[in-house]
Amino acid sequence: MSDLLSITDLTMTIDDHHILKNVSIDVADGECVALVGESGSGKSMTAKTVLAMQPKRAHLTGSVAVNGIEVVDRPAKQIRTVRTEHVSMIYQNPRSGLNPMRRIGAFIVEGVVDAGSMNRTDAHAKAVELMKAVRLRDPDKLFDRYPHELSGGMLQRVMIVGALMNDPKLLLCDEPTTALDVTTQAEVIAILSELQQNRRLGMLFITHDLDLAASISSRTCVMYKGEIVEEGQSDTILEHPSHPYTSALINARPTLDGSRDVRLVSVAQRMAEVEAQGVAA
Ligand SMILES: Nc1ncnc2c1ncn2[C@@H]1O[C@H](COP(=O)(O)OP(=O)(O)OP(=O)(O)O)[C@@H](O)[C@H]1O
Ligand SMILES: [Mg+2]
């Protein structure tokens, strides 16, 4: 039986630049897999290929299959089926995915109603049920609100509701809490984890944070310069990393001043040292 998501030997080039190199990632039904790496390593590009949303000039080889349906270089109709029935994606900044002039309720129900998969009454009932599941209070009042009236954490929960309206089997989460404040981050992570387990969702969870990866996923894939350099049980990777890049990421955990820039600079420095010694692949 094939996995829910099977990415096999995926390579992406843009104008002769290698963006992804022989990437293979599998996500089984109900499994949460983390994809971890620093900025620019290729995490978002990997997720975009699952929805065939990579830049037009990107050239792909290899295979990306969702529930056995191939999406690399396939007709628009086949890709539409995957997007509307099998996979949803949650992005870093919830505001960027919302039309500021549309009310929250319209945003949530329009996808499934327009696709003809649900009538307006059923869609409303489903939205209310999901809004309760993500702990949004007073769903009916929220329906009439505009995006600017909601906090970032509430908006991200609205995006999660929108993403689950069509009962996808696979949820792609691309740094879904990076744009939120720390308390809200923890709340949204807890909600995502709960939904993933209760609904047996397959999840590809993208983050630059190995600790967060270990807290939400059972398996972690570490990406460096477009390649998966390490893969295994999330706890094991955190405790016994085998690739120098993974160790560099772990050693660059937040310091008390919490400066992310300092962390990323230290990862880059460490990898430059490692590469100079010829240890890295
Ligand atoms: N539209 C584009 N056209 C050409 N190259 C791009 C495009 N978008 C991204 N890239 C390049 O692809 C590489 C991978 O980018 P990607 O967005 O996947 O990184 P990422 O791991 O998601 O980083 P971040 O943590 O900052 O989100 C980078 O070198 C980036 O410069
Ligand atoms: Mg990204």
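Note that the structure is a prediction, hence the values are computed from the model and not measured.

1. Brief notes about the overall build of the chain
1) Next: Within the chain one finds 11 helices and 10 strands.
2) Next: A compact globule built from 281 residues should have a C-alpha radius of gyration of about 19 Å, and the chain, at 19 Å, falls within 12% of that.
3) Next: Burial status across the chain gives 49% buried among its 281 residues.
4) Next: In the chain, once contacts between residues fewer than 6 apart in sequence are set aside, the share between residues at least 24 apart is 64%.
5) Next: On the chain, the mean spot of the 29 positive side-chain charges and the mean spot of the 36 negative ones are 6 Å from each other.

2. Remarks on the environment of M154
1) Next: Structurally, the position occupied by M154 is in helix α6 (residues 152–164).
2) Next: Separated by 101 residues in the primary sequence, M154 and M53 have C-alpha atoms spaced 26 Å apart.
3) Next: Those residues in contact with M154 that lie beyond four places of it in its chain are L136 and L142.

3. Details of the site of ligand 1
1) Next: Looking at ligand 1, there are 13 residues lining it, with S39, G40, K43, S44 and M45 nearest.
2) Next: A distance of 2.9 Å separates an oxygen atom of ligand 1 from a polar atom in the backbone of M45.
3) Next: Summarising the interface, the protein chains cover 63% of the accessible area of ligand 1, which totals 630 Å² for the free molecule.
4) Next: Counting residues per element, the shell around ligand 1 draws most heavily on helix α1 (residues 43–50), at three residues.
5) Next: Here the shell around ligand 1 is built from residues that sort into four nonpolar, five polar and four charged.

4. Description of the nonpolar core
1) Next: With 39 residues, the main nonpolar core has I108, V109, I160, M165, L171, L192 and F205 as its most contacted residues.
2) Next: Residue assignment for this core shows that the elements contributing at least two residues are α3 (104–114), α4 (120–133), α5 (139–143), α6, β7 (170–174), α7 (182–198), β8 (202–207) and α8 (210–216).
3) Next: Looking at this core, the element that brings in the most residues is α6, giving seven residues.
4) Next: Every residue in contact with L192, bar those within four places of it in the chain, is listed here: I90, I160, L171, C173, P176, M203 and F205.
5) Next: With 33 residues, the next largest nonpolar core counts L20, A52, V72 and V82 among its residues.

5. Notes on the side chain of S234
1) Next: With respect to the helices, strands and loops of the structure, S234 is situated in helix α9 (residues 234–239).
2) Next: Within polar-contact distance, the side chain of S234 engages the backbone nitrogen of R219 at 3.2 Å.
3) Next: If sequence neighbours within four positions are ignored, S234 has contacts with A213, A214, S217, S218, R219 and T220.

6. Focus: the pattern of salt bridges
1) Next: A full pass over the atoms with the stated rule returns 11 salt bridges.
2) Next: Residues D15 and R57 are paired through a salt bridge, measuring 3.3 Å at the closest nitrogen-oxygen approach. Of this pair, D15 sits in the loop between β1 (5–14) and β2 (17–27) while R57 sits in the loop between α1 and β4 (59–66), and the two are 42 residues apart along the sequence.
3) Next: Here D167 and K126 are joined by a salt bridge, their closest N and O atoms 2.9 Å apart. In this pair, D167 is assigned in the loop between α6 and β7 and K126 in helix α4, connecting sequence segments 41 residues apart.
4) Next: Here D167 falls in the partly exposed class, since its relative accessible area comes to 45%.
5) Next: Note on K126: relative accessible area 12%, which makes it buried.
6) Next: Each member of the salt-bridge network shares a partner with another, and the members are E31, R219 and E231.

7. Some thoughts on the domain arrangement of the chain
1) Next: One can read the domain layout of the chain as domain 1 (5–242) and domain 2 (243–281).
2) Next: Each of domain 1 and domain 2 was reduced to a C-alpha centroid, and the two centroids are 26 Å apart.
3) Next: Buried area between domain 1 and domain 2, both sides added, is near 1,400 Å², and the carbon and sulfur share of it is 57%.
4) Next: In terms of surface lost to domain 2, no three residues of domain 1 exceed E38, H208 and Y224, which account for 37% of the buried area on that side.
5) Next: The interface formed by domain 1 and domain 2 holds zero salt bridges in total.

8. Overview of the pairing of strand β10 (residues 227–233)
1) Next: Strand direction decides the pairing type here: strand β9 (residues 219–224) and β10, joined by six bridges, are antiparallel. Along β10, the bridge assignment pairs T220 with G232.

Rules of the game
- Residues numbered from 1 in each chain as written.
- Chains lettered and ligands numbered in written order.
- Predicted model: local features only at pLDDT ≥ 70, side-chain atom pairs only at ≥ 80, totals over all residues.
- Heavy atoms only, no water.
- Helix = DSSP H or I, 4+ residues; strand = E, 2+ residues; numbered from the N terminus.
- Rg over C-alpha atoms; globule rule 2.2 N^0.38 Å.
- Buried < 20%, exposed > 50% of the residue type's maximum accessible area, 1.4 Å probe, protein only.
- Contact = heavy atoms within 4.5 Å.
- Lys, Arg positive; Asp, Glu negative; His and termini not counted.
- Charge placed at Lys NZ, Arg CZ, Asp CG, Glu CD.
- Near = heavy atom within 4 Å.
- Polar contact = N/O pair within 3.5 Å; in protein donor to acceptor, adjacent residues only side chain to side chain.
- Areas by Shrake-Rupley, 256 points an atom, 1.4 Å probe, with all protein chains shown as cover.
- Nonpolar A, V, L, I, M, F, W, Y, C, P; charged D, E, K, R; others polar.
- Core = buried A, V, L, I, M, F, W, Y, C linked by side-chain atoms within 4.5 Å.
- Salt bridge = Lys/Arg side-chain N within 4 Å of Asp/Glu carboxyl O.
- Domains from an automatic or database assignment.
- Buried area = accessible area lost by both parts, 1.4 Å probe.
- Pairing = 2+ DSSP bridges.

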